[in-house]
Amino acid sequence: MENPAHGVDAAALMSLLPSRPRLLAVGEPTHGDETLLALRNELFVRLVEQQGYRCVAIESDCLKGLVVDDHVTTGAGDLDEVMEGGFSHGAGAWRGNRELVRWLRAYNAGRPAAERVRFAGFDAPLEMTGAGSPRQALTALHAYLAAHMDTGVRADVLDRLLGPDERWADGGAMLDPSRSIGRSDAAGRLRLLADDLAALLGAHAPELVAATSREAWERACLYARTAIGLLRYHARMADTAPGRADAMMGLRDAMMAANLLALAERGPTLVHAHNRHLQRHRSTVLLGGLRVDWWSAGAQLTARLGGAYAFVATAVGTIRHHGVGDPPPNTVEGLLHALPGDRFLVAGRELDGAGLVPRDSPWYGYLPLGPADLTGSDALCYVRDLPPG
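Residues numbered from 1 in each chain as written. Predicted model: local features only at pLDDT ≥ 70, side-chain atom pairs only at ≥ 80, totals over all residues. Heavy atoms only, no water.

A. Seen up close, the packing of aromatic side chains. Inspection of the entire model under this criterion finds four aromatic pairs. The interplanar angle of 65° and the centroid separation of 6.2 Å between the aromatic rings of W363 and Y364 together place this pair among those described as edge-to-face. Above the plane of the ring of Y53 lies R20, whose end atom (NZ or CZ) is 5.5 Å from the centre. The aromatic ring of Y107 is capped on one face by R111, whose charged end is 3.8 Å from the ring centroid. (Phe/Tyr/Trp six-rings, centres within 6.5 Å; stacked < 30°, edge-to-face > 60°. Lys NZ or Arg CZ within 6 Å of the ring centre and 35° of its normal.)

B. Highlighting the sheet that holds strand 10 (residues 343–346). Spatially, 3-2-6-1-9-11-10 is the arrangement adopted by the seven strands of the open sheet, whose pairing is mixed. Only two strands of the sheet have a single neighbouring strand rather than two, namely strand 3 (118–123) and strand 10. In this sheet, adjacent strand axes meet at a mean angle of 25° when their direction is disregarded. Bridge count for strand 9 (residues 309–318) against strand 11 (residues 379–385) is six bridges, and the pairing is parallel. Across the sheet, residue V316 finds its bridge partner in strand 11, namely V383. Packed on one face of the sheet, helix 14 (residues 297–305) meets strand 1 (23–28) and strand 9 and runs near 150° to strand 9. (Pairing = 2+ DSSP bridges. Helix = DSSP H or I, 4+ residues; strand = E, 2+ residues; numbered from the N terminus. Axes fitted to C-alpha atoms, helices over the stretch in contact; angles between N-to-C directions. Contact = heavy atoms within 4.5 Å.)

Listed below in structure tokens is the structure:
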């Protein structure tokens, strides 16, 4: 049988796709690995240079990402400060992300605005241990509107309803709904006000874009999506009904999908996140023995964009320093492990997935692929081993 594998480069990747997608997403099975981040950077650099992609979006706080975007497009801020304040989930400490930001700034230097590559975080302001306050997004949205019209809402009223940010950021609310303020009277009032402000933003779009700029209006739309999404998420945190965790994960990925749809409207965008968020089928994970199921951002994007969304799933053979040895032959990783090469791209639809079963991982930080990923992705990227460091 002819070897179906291709080298990991931009030209080979595009040859596996029917056309250039508006959103081209590359997943990863574990966060923070420098080998995978370096591989992502190699691909993204060539896709920018050869295929005209003009935005890089990663799984990080969408509001913090504005700091990085300002830096790579204008040079604003010191790189150390940008890496510290422009990322969530600890991603600013990863060497691969620092190198990506450095390259984006160097690429953009001296180029006209229309040719610069933008940066975006597309995750909500959430962590596994809690959710952020809607203050930043809601007050920024209000300030943008109040500069041009009577919103019917006073800033001091918003401040009083929001209260101390610590009330929103209580990590205990993730496991104990009674500790969440998401269904308090103040939170309910804020949800209505956020909805009213978002409605004004849409209804007055023509005059607001003319008075400010399309970019300023789009940033206000990001504030609106984030404020409304966070308030919905906090309301779910306070819910005691069955399926609470499923609903929270689904809301997070819905916020991811909405941010990526907005980026796709702006231009061709490269996306990087965990496979579970980008896959086309329903996602499942075990959190402390609890099975959580939700529709991933990738599934939602597929429903809306069809072929304008493409997904490349990344699979890993071994991570020996975390106890992940050679994959069993009847798994997706085992099937790929039998092919020659240390890293390669392959179209999963060209492989025989009969009889494959999900791989078990002895390390909680690594989530293997499943049989559905063979046909549910446009291509697979395989890396045989992830060394320490």
